[in-house]
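Understanding the architecture of this molecule
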Amino acid sequence: MQTRLWRLIKNEEQLNEEKLNEAAALIREGEVVAFPTETVYGLGANGLNGSAVRKIFAAKGRPADNPLILHIAKKNEIEQLTAGLSANAQALMQAFWPGPLTLVVPKSALIPDEVSAGLDTVAVRMPVHPVARRLIALAGCPIAAPSANKSGKPSPTNAQDVLEDMNGLIAGIIDGGSSDIGVESTVVDTTTPVPVILRPGGITKEMLEEVLGAVEIDPALAGNSECRPKAPGMKYRHYAPQAPMYLFIGNEAPLQMKAAIAKGLASGKKIGVIANAAVATALPKDSNLVIRNWQEDPAVLAENLFTWLRSFDHEKVNVILAQGVAETGLGLALMNRLRKAAGNNILLAENQKLFVQSGTCPEFL
Ligand code: TXA
Ligand code: MG
């Protein structure tokens, strides 16, 4: 299949509208089109058409038991999709829509089984990105969309990354520039008396608590392997770069990371590094070091994390060493993505030692 690419251009509203009309027509015809949102790019199809939705699963190589998010353009469009909204769900829509928040709600009879993967709930999100919203409006249907990566790879935050995974597999890609937030939406189950965060994301736990009073976190997210995550997608390996990755946490992470990098270089490794400025700027200039510096700002890490992981594949590094962030605010979502990308290889630095908290340790240490 020939994949079309529509490049949107700033201040060319008329031209852009024509392109979005072509994309929307393909969605109405049951095809799959990738589009930008403020979190990551989505792989969209008509969310009320089961056979169109199956094409998303085929293009992504996604397991059929992993349900999709339905994207809507106006708040009231959720009404036909749900069997009823809790007071908590309504409060969250009021506070955070449009934006990077996905609500799991009881589903209505309209929802194809392909979307909900056999669950009796459906996930719904109203993005703030104007291109996403205009596309949904022009298509005239809710758009089912997972992140537009091949299953298991980092989510794409620009059209080039989508093209890398999806060229030849889908009808088209709308290039609307880079996604601002860079990590996926927060997924909240609103069907329980106390809502539960199934996936941390752009709307933080602290922000949710301000509206809801109390909110829980799915215990499976803490890496407790005895629990099965309530969001089926959270159980899969994800965001995995090609090289093995190790995540440094603990008080002495900066120090131990610098020492580990020196040892890795000495043993001839090409090393991808993700670190804050304090660590990144203290490293030697070496052609075997590919350094990604998030300054001291978790938002910079969020915006760039997935492209950086992909860039390590392009640079063919042998190993990736990443520095953890504090698990508050956006840090909760970032640590969730970092742990997964690292396949749970977590190294704890304290008392002038490095301990393997889970997973394995690089052989040069
Ligand atoms: O930011 C985002 O959320 C992006 C953009 C494109 O909107 N989408 C996205 O979709 O990340 P996806 O499919 O990659 O992740 C959706 C997550 C998965 O972990 C899935 O299992 C979970 O939401 N999910 C979907 N429907 C659910 C449901 N009814 N109950 C529990 N979890 C659900
Ligand atoms: Mg995804």
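Anything mentioned here points back to the structure above.
Below you will find a few notes about this structure. Source: prediction; values computed, not measured.

Attention now moves to the overall build of the chain. A count of helical and extended segments in the chain gives 11 helices and 17 strands. Relative to the compact-globule value of 21 Å for 365 residues, the chain shows a C-alpha radius of gyration of 21 Å, a close match. When the 365 residues of the chain are sorted by exposure, 56% land in the buried category. For the chain, long-range pairs separated by at least 24 residues make up 66% of all intrachain contacts whose partners lie at least 6 apart in sequence. As displayed, the chain offers around 15,100 Å² of accessible surface, 50% of which is attributable to carbon and sulfur atoms. Averaged over its 35 positive side-chain charges, the chain has a centre that lies 4 Å from the centre of its 37 negative ones.

To continue, consider the packing of helix α6 (residues 159-166) against helix α10 (residues 298-315). Packing of α6 against α10 leaves a shortest axis separation of 11 Å and a crossing angle of 55°. Here α10 runs oblique to α6, going by the angle between their axes. Every pair of crossing elements has a handedness; the one defined by α6 and α10 is left-handed. Each of D161, E164 and D165 in α6 lies in contact with α10, whose residues at this interface are T307, R310 and H314. Tallied by class, the residues present in the contact of α6 with α10 amount to no nonpolar, two polar and four charged.

So, on to the packing of α10 against helix α11 (residues 331-341). For any two helices packed against each other, the geometry comes down to the angle between their axes and how far apart the axes lie. Their axes nearest at 11 Å, the elements α10 and α11 cross at an angle of 25°. Here α11 runs roughly parallel to α10, going by the angle between their axes. Two packed elements cross with a definite hand, and for α10 against α11 that hand is left-handed. Each of P298, L301, A302, L305, F306 and L309 in α10 lies in contact with α11, whose residues at this interface are L334, R337, L338 and A341. Here the contact of α10 with α11 is built from residues that sort into nine nonpolar, no polar and one charged.

Below, the discussion takes up the pairing of strand β6 (residues 121-125). Summarising burial for β6: five of the five residues are buried, a large majority. Residues T121, A123 and R125 line one face of β6 and the alternating positions V122 and V124 line the opposite face, and both faces are buried. When strand β5 (residues 101-106) meets β6, the two strands line up antiparallel, connected through five bridges. In the sheet register, V105 faces β6, and the bridge partner there is V122.

Take S108: it is sitting in the loop between β5 and α4 (113-116). A distance of 2.8 Å separates a polar atom in the side chain of S108 from the backbone oxygen of Q80. Setting aside chain neighbours within four positions, we find S108 in contact with Q80, L81, T82 and A83.

Here we come to the pattern of salt bridges. Summed over all chains, the structure comprises 17 salt bridges. Here D165 ties to K153 by a salt bridge, and the two come within 3.0 Å at their closest N and O atoms. On the criterion of sequence distance, the pair formed by D165 in helix α6 and K153 in the loop between β7 (143-144) and α6 is long-range, its members being 12 residues apart.

Another aspect to go through is the site of ligand 1. Around ligand 1 sit 29 residues, and of these T39, N66, H71, S185 and G233 come closest. Residue N66 places a side-chain N or O atom 2.6 Å away from an oxygen atom belonging to ligand 1. At 3.0 Å, a side-chain N or O of S147 approaches an oxygen atom of ligand 1. Burial of ligand 1 by the protein chains amounts to 98% of its free accessible area of 690 Å².

The pairing of strands in a sheet happens through backbone hydrogen bonds and is either parallel or antiparallel. Judged by pairing direction, the sheet is mixed, and its 11 strands sit side by side in the order β1-β8-β2-β3-β7-β4-β6-β5-β9-β10-β11 without closing on themselves. Each edge of the open sheet carries a strand with a single partner, namely β1 (4-7) and β11 (216-217). Inspection of the sheet shows strand β2 (residues 33-35) paired to strand β8 (residues 172-175) by two bridges, in the parallel sense. Within the sheet, the bridge partner assigned to V33 lies in β8 and is G172. Strands in contact with α6 are β2, β3 (42-46) and β8; relative to β8, the strand with the most contacts, it is inclined by about 165°.

Turning our eyes to something else, we now look at the sheet that holds strand β13 (residues 271-275). Pairing within the open sheet is mixed, and its six strands lie in the order β14-β13-β15-β12-β16-β17. In this open sheet, the two strands that pair with only one neighbour each are β14 (289-293) and β17 (353-358). Strand-to-strand twist across the sheet, computed as the mean angle between neighbouring axes with direction ignored, equals 20°. Direction of pairing for β13 relative to strand β15 (residues 319-323): parallel, over a ladder of four bridges. When the sheet's bridge partners are listed, I274 is paired in β15 with A322. Against the sheet, helix α8 (residues 253-266) touches β12 (245-249), β13, β14, β15, β16 (346-350) and β17, its axis set at about 170° to β13. With respect to the sheet, α10 is in contact with β12, β13, β14 and β15, its orientation differing from that of β14 by roughly 165°.

Cut-offs applied
Residues numbered from 1 in each chain as written. Chains lettered and ligands numbered in written order. Predicted model: local features only at pLDDT ≥ 70, side-chain atom pairs only at ≥ 80, totals over all residues. Heavy atoms only, no water. Helix = DSSP H or I, 4+ residues; strand = E, 2+ residues; numbered from the N terminus. Rg over C-alpha atoms; globule rule 2.2 N^0.38 Å. Buried < 20%, exposed > 50% of the residue type's maximum accessible area, 1.4 Å probe, protein only. Contact = heavy atoms within 4.5 Å. Areas by Shrake-Rupley, 256 points an atom, 1.4 Å probe, with all protein chains shown as cover. Lys, Arg positive; Asp, Glu negative; His and termini not counted. Charge placed at Lys NZ, Arg CZ, Asp CG, Glu CD. Axes fitted to C-alpha atoms, helices over the stretch in contact; angles between N-to-C directions. Parallel < 35°, antiparallel > 145°, perpendicular 65-115°, else oblique. Left-handed = near helix turned anticlockwise from the far one by under 90°. Nonpolar A, V, L, I, M, F, W, Y, C, P; charged D, E, K, R; others polar. Pairing = 2+ DSSP bridges. Polar contact = N/O pair within 3.5 Å; in protein donor to acceptor, adjacent residues only side chain to side chain. Salt bridge = Lys/Arg side-chain N within 4 Å of Asp/Glu carboxyl O. Near = heavy atom within 4 Å.

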